[in-house]
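Report on the structure
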Amino acid sequence: MNGGIHMATQKDVAARAGVSIAAVSYCINGTHNLNPETRARIQNAIKELNYIPNSQARNLKRQASRELCAIFPDLENLCYNEFLKGILMKAESSNYSLNISCSYNDISQEQMLITNAVSKHYAGIFLVTCQPQNTKFFQNIQQHHPIELVFLERLPDKMDVIYYGFDNYKTLHYLTSQLIKNGYRDIALLTGSGRHFSESECISGFQDAMELPVFRLTKAVRSPLIPQRKLPSVLFCTPGST
C-alpha cells in the first residue's frame, strides 16, 4: 500500500489477464514473442490497473538519469521533425541522451512506451499524445512517479501540465482574416480529428475569422469525387490531416 492506494504489481496484471507472471514480464520487456491475443489481454490489464512496471530492483539506489524519451505519432510530419530537432539540440548541449519512439497513433502502443520509459527512470518524456482525453492515465503518472511529462502540440484535457505548442487559434484566425481582406472567399480547411487540442484550435480560429460554418474536408471525402466539384481557391492543411 502507498498512501492508502494499492499499486498494482505484475502478479495483479497476470491475474487480470489470465496469464503467467512470466508472460507479463515478456510483454513488458519485449524479450519473447507472444501471440497477439495474449499481448492484447496483458496490455488491457495494464491499462485497467494503471500498472507502471519498475525495471530496477527496489533495493538498488536510484541514480540521477541523463536519459530522455521522445514519443511522437510518427516522424513524417514536418512539425514533429522541428520539435525533434530542438529537443535533440538542447539534450546534446546539456549532456543528455535522447531515445525516440513512435506510437503510430495507437493508444495501446503509446501507453506501453510511456510505462516503459517510466520503468527505466528516464529524466523526462516529451510527448505528442494520441490520447489527450485519457486524463486518468496521465494523472496516475503524475501522482505516483517522479518523471517530467512535457506535452507537445496536443494538450491533454483538464490538466495542469508542461506544454509547448503553436498558437493555432491565433495563427489560423490571422491568416484567414488577411485572405478575406484581400478578396478571397472560397477558403477551406483540411484537418485531422477535432478531438485533438491543436486541431480544435485551428478549427475555432478558422471558423471565427470566416464567421460562417466551417467547410471541412476530411480523409473521408478525399476521393475521385473531389475533382468533380469546385475546389477552394485556398486550402489550409493542419499537421493532423496528413
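The sections below set out a description of the structure shown in this document. Here the residue index of a chain counts from 1 through its sequence in written order. Reporting of local features is limited, given that this is a predicted model, to residues whose pLDDT is at least 70; pairs of side-chain atoms are given and counted only at 80 or more, and all residues count toward the totals for whole chains, interfaces and linings. Side-chain metrics in this entry use all non-hydrogen atoms of the structure; hydrogen atoms and water are not considered.

Side note on the pattern of salt bridges
- The working definition used for a salt bridge is a side-chain nitrogen of Lys or Arg within 4 Å of a carboxyl oxygen of Asp or Glu. Taken as a whole and assessed by the stated rule, the structure comprises three salt bridges.
- Between Glu 82 and Lys 85 there is a salt bridge, and its shortest N-O distance comes to 3.3 Å. Placement of the pair is Glu 82 and Lys 85 together in helix H4 (residues 78-93), with a separation of three residues, close to one helical turn.
- Working definition: with a 1.4 Å probe on protein chains only, accessible area under 20% of the residue-type maximum means buried, over 50% means exposed, and in between means partly exposed. Accessibility expressed as a relative area gives 48% for Glu 82, which makes it partly exposed.
- In this structure Lys 85 comes out as partly exposed when scored by relative accessible area, which is 48%. Numbering of helices and strands runs from the N terminus, with a helix taken as a DSSP run of H or I at least four residues long and a strand as a DSSP run of E at least two residues long.

With respect to the nonpolar core
- Counting 18 residues, the largest nonpolar core has Ile 71, Ile 114, Val 118, Ile 125, Leu 127, Phe 138 and Ile 141 as the members making the most contacts within it.
- Looking at this core, the elements with two or more residues in it are strand S1 (67-72), helix H5 (107-119), strand S3 (124-127), helix H6 (135-144) and strand S4 (148-152).
- For this core, the leading source of residues is H5, giving four residues.
- Contacts of Ile 71, omitting those with residues within four sequence positions, involve Ser 101, Ser 103, Leu 113, Ile 114, Ile 125, Phe 126, Leu 127 and Val 128. Definition used in this section: a nonpolar core is a set of buried Ala, Val, Leu, Ile, Met, Phe, Trp, Tyr and Cys residues joined via side-chain atoms within 4.5 Å. Residues are treated as being in contact if the distance between any of their heavy atoms lies within 4.5 Å.

Re the sheet that holds S1
- Pairing between strands requires that DSSP locate at least two bridges from one strand to the other. Strand order across the open sheet formed by five strands is S2-S1-S3-S4-S5, with parallel pairing between neighbours. A single partner strand is all that each edge strand has here, and the edge strands are strand S2 (97-102) and strand S5 (162-164). Between one strand axis and the next, the sheet turns through 20 degrees on average, direction left out of account.
- Sheet analysis places S4 next to S5, joined by three bridges and oriented parallel. Opposite Phe 151, over in S5, you have Tyr 163 as the bridge partner. Here, axes are lines fitted to C-alpha atoms. For helices the fit covers the stretch in contact, and angles between N-to-C directions go from 0 to 180 degrees.

Some words on the packing of H5 against H6
- The geometry of H5 relative to H6 is characterised by a closest axis approach of 12 Å and an angle of 5 degrees between their N-to-C directions. The pairing of H5 with H6 is recorded here as roughly parallel in orientation. Every residue of H6 that contacts H5 at Glu 110, Gln 111, Ile 114, Thr 115 and Val 118 is listed here: Phe 137, Phe 138 and Ile 141.
- Looking at the contact of H5 with H6, its residues break down into five nonpolar, two polar and one charged. Geometric relationships in this document are graded by angle, where less than 35 degrees denotes roughly parallel, more than 145 denotes roughly antiparallel, 65 to 115 denotes roughly perpendicular, and other angles denote oblique. Gly falls in the polar group here, along with every residue not listed as nonpolar (Ala, Val, Leu, Ile, Met, Phe, Trp, Tyr, Cys, Pro) or charged (Asp, Glu, Lys, Arg).

Observations regarding unusual backbone geometry
- With a phi close to 65 degrees, Asn 95 is a non-glycine residue in the positive phi region.
- Looking at the secondary structure, you find Asn 95 in the loop between H4 and S2.
- Judged by relative accessible area, Asn 95 falls into the exposed class, the value being 61%.
- Even without a glycine there, the phi angle at Tyr 104 is positive, about 55 degrees.
- Take Tyr 104: it is sitting in the loop between S2 and H5.
- Overall, the relative accessible area of 61% leaves Tyr 104 in the exposed class.

Structural notes on the packing of aromatic side chains
- Only Phe, Tyr and Trp rings take part, Trp by its six-membered ring, and two of them pair if their centres are within 6.5 Å. Stacked means planes under 30 degrees apart, edge-to-face means over 60, and tilted covers everything else. Taken as a whole and assessed by the stated rule, the structure comprises five aromatic pairs.
- On the numbers, 5.8 Å between centres and 40 degrees between planes, the contact of Phe 83 with Phe 166 is tilted. Highlighted residues: Phe 83 in helix H4 and Phe 166 in the loop between S5 and helix H7 (168-181), separated in sequence by 83 residues.
- Between the aromatic rings of Phe 206 and Phe 236, the centroid separation amounts to 6.2 Å while the plane-to-plane angle is 80 degrees, which identifies the pairing as edge-to-face. Here the residue Phe 206 occupies a position in helix H8 (residues 197-210), and Phe 236 occupies one in strand S8 (residues 234-237), the gap between them amounting to 30 residues. Each member of the pair Phe 206 and Phe 236 is classed as buried.
- Here a set of aromatic residues connected by ring pairs shows up, and it is made of Phe 137, Phe 138 and Phe 151.
- In this scheme, Lys NZ or Arg CZ marks a charge over a ring once it lies within 6 Å of the ring centre and within 35 degrees of the ring normal. A cation over a ring is seen here: Arg 66 above Tyr 96, with NZ or CZ 3.9 Å from the ring centre.

A short note on H8
- Helix span is expected to be 1.5 Å times the residue number reduced by one. When the terminal C-alpha atoms of H8 are compared, their 20 Å separation across 14 residues agrees well with the 20 Å that a helix rising 1.5 Å per residue should span.
- By the burial criterion, the buried members of H8 are Ser 198, Glu 199, Cys 202, Ile 203, Gly 205, Phe 206, Ala 209 and Met 210. The arc enclosing the buried residues of H8, seen along the axis, measures out at 165 degrees, which places them on a common side.
- At the exit of H8 stands Glu 211, carrying a positive phi of roughly 55 degrees. To be clear, the arc concerns the directions from the helix axis to the C-beta atoms.

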